[in-house]
Amino acid sequence: MTDVLVRVENVAKTFVRRGIEHVALDGVSLDVEKGSFVCLVGRSGCGKSTLLNLVAGLIAPTRGRIIESGRVVDGPRLNVGYLTQKDTLLPWRDVLRNIEMPLEIRKLERAERERKAVALIERVGLQGRERAYPRELSGGMARRASLARMLIAQPELLLLDEPFSALDAQLRQEMQNELLRLWAGSGNTVIFVTHDIEEAIAMGDRVVVLGQRGRVVHDEGIALPRPRDVIAVRRRPEFHVVEERLWEALSAGSPATEVAS
Amino acid sequence: MKPGYVVVWRLVLLAAILAAWQSVSSSKTLAFYVSSPSAIWNRELQWIADGTIWFHTFITVEETVAGFACGAIAGIAAGFILGPNRTLGAVLDPFIISVYSIPKVALAPLFIVWFGVGLTMKVVLATVTVFFIVFFNTLAGVRNVDPDLVNAVWLMGGDSRTILLKVIVPHAMSSALTGARIAIPYALIGAVVGELIASNRGIGYLIESAASQFDTAGVFAALIVLTILATILNALVDAIDRYTSRWKVEANLSLRMN
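Quick look at the structure, then.

For the rest of this paragraph, the subject is the overall build of chain A. Along its length, chain A carries seven helices and ten strands. Against the globule reference of 18 Å for 261 residues, chain A gives a C-alpha radius of gyration of 19 Å, in line with a compact fold. C-alpha extents for chain A along the principal axes are approximately 55 × 45 × 40 Å. When the 261 residues of chain A are sorted by exposure, 41% land in the buried category. Residue pairs in contact within chain A that sit at least 24 positions apart in sequence constitute 72% of those at least 6 positions apart.

This is the structure:
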């Protein structure tokens, strides 16, 4: 067995809103191996974003614990990159200065920051837009800028929360391929949250289906060869076999049909 | 319609208004009330020649600029002090709202008692008018920072000082500048109202003294100077707007504390 980078141990999370308790997660356990690309699939409201926030250290679990690189998570760490569903580029900074931001916080020199940012801008295909402000960017360009800002800090663990769900189908596939290209050979670990089964199969080494309150109801390895093209891979017969199984798991989705991971 | 036509039609409309005005004022009785474009034009030329226009305009601009600067600085400072401190904000809320609710012109007599009828009283009146607009915008800017932006910087490894300097201050400043932009014409209102109430110089005084002598040509001539001044200030506002609109946040016109 390979190294486990993230271990979620029997985690529960309850929120209190206006005096009423909401159980977002209960009894969630999950191991993520170092260097793997794991997709978490679940219907909206199953707690997948909450789980990602817990792994990022933005919030603390009510019960249980999360261990990352051998340490109990108690806050944000520099080796973790988080790409949220919503763009969080600072509106008063242009693309270049937004991408430089993580290095600015680490007090790198300006010339060094700029050199790295310019290189990444090229890698994500944003050349010529360095001086544009976020509100002047299209949805796809804003995603690329957010991706570059996350990657510039050279994280080992990438948390992606439905990163392409707001894009149109064609742009989504383009971005999915680009993410796979950027990830390939990096050795980075990815936890990719989505509600789109096809996206999960096309991208992941492993797909984990979450049921109510974030419980793992299905967990399976995806044996499709890499490098993958997210469009071509959909034409393979085994793709549809897996898709069928995952649909079943997702629609069953109740604790009674739980499958041990 | 082509933009060229719009300009042409505007000029046609202006000419029509002036012609109608001039013909109406051929009646001696009506001319007493509305003067006439030619009389106003002559008065304008006379004021330019003897320097009256420059002297009074300079006074009004001075009061407007001083009042705007004092009000904007005080408003931004108060917004940044009260913004993060919700308890203090809640305690002061009814006091600030009640002072804000007073029509500022009603404070003028009090300011005359405190500061006399000189320049200071107009500056204070403009300051008070500007202060609230800038204050409420700064306050909203400090308080309405998107928590997702704060989280994003936190995840990058930013501490609370970084979050303050790189997220809260820039966000609040853009909101404060929006308030300041809105407040520019109000500074002029404050200054002119002060001059109308008690003064011996400034455009407001020019209007008031001409009216007290039933000199309608003088009143209109001074109003035209004021219109030009206000137009220049609005153009300035537009220029600032274009400069910042590439990234600016939405203007806050609700003027609320909580």
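Attention shifts here to unusual backbone geometry. In this structure, the amide linkage connecting Arg226(A) to the following residue, Pro227(A), adopts the cis form with an omega of -5°. Residue position: Pro227(A) is located in the loop between strand E10 (216–221) and helix H7 (237–252). The phi dihedral of Glu162(A) falls on the positive side, at around 40°, and the residue is not glycine. In this structure, Phe214(B) takes a positive phi of about 55° despite not being glycine. With respect to the helices, strands and loops of the structure, Phe214(B) is situated in the loop between helix H10 (203–212) and helix H11 (216–244).

Time to look at the pairing of strand E7 (residues 157–161) of chain A. Every other side chain in a regular strand lies on the same face of the sheet, so the side chains alternate between the two faces. Residues and elements named next belong to chain A. A large share of E7 lies buried, amounting to five of its five residues. Burial along E7 is two-sided: Leu157, Leu159 and Asp161 and Leu158 and Leu160, pointing in opposite directions, are all buried. Pairing between strand E6 (residues 80–83) and E7: four bridges, direction parallel. By the bridge assignment for E7, Val80 is matched with Leu157.

On to the sheet that holds E7(A), then. Residues and elements named next belong to chain A. The six strands lie next to each other as E6-E7-E8-E3-E9-E10, forming an open sheet whose pairing is mixed. Both edges of this open sheet fall to E6 and E10, since each of them pairs with a single strand only. Averaged over all adjacent pairs, the angle separating strand axes in this sheet is 15°, with direction ignored.

Residues and elements named next belong to chain A. Here we have four strands laid out as an open sheet, ordered E2-E1-E4-E5, and antiparallel in their pairing. The open sheet terminates on both sides in strands that have one partner only, identified here as strand E2 (20–33) and strand E5 (71–72). In this sheet, E5 lies alongside strand E4 (residues 63–68) in antiparallel orientation, the contact comprising two bridges. The residue of E5 that forms the bridge with Ile67 is Val72.

Criteria and thresholds
Residues numbered from 1 in each chain as written. Chains lettered and ligands numbered in written order. Predicted model: local features only at pLDDT ≥ 70, side-chain atom pairs only at ≥ 80, totals over all residues. Helix = DSSP H or I, 4+ residues; strand = E, 2+ residues; numbered from the N terminus. Rg over C-alpha atoms; globule rule 2.2 N^0.38 Å. Buried ≥ 20, exposed ≤ 12 C-beta atoms within 10 Å, placed from the backbone. Contact = placed C-beta atoms within 7 Å. Pairing = 2+ DSSP bridges. Axes fitted to C-alpha atoms, helices over the stretch in contact; angles between N-to-C directions.

Read these as layout, nothing more, since geometry by itself doesn't imply function.
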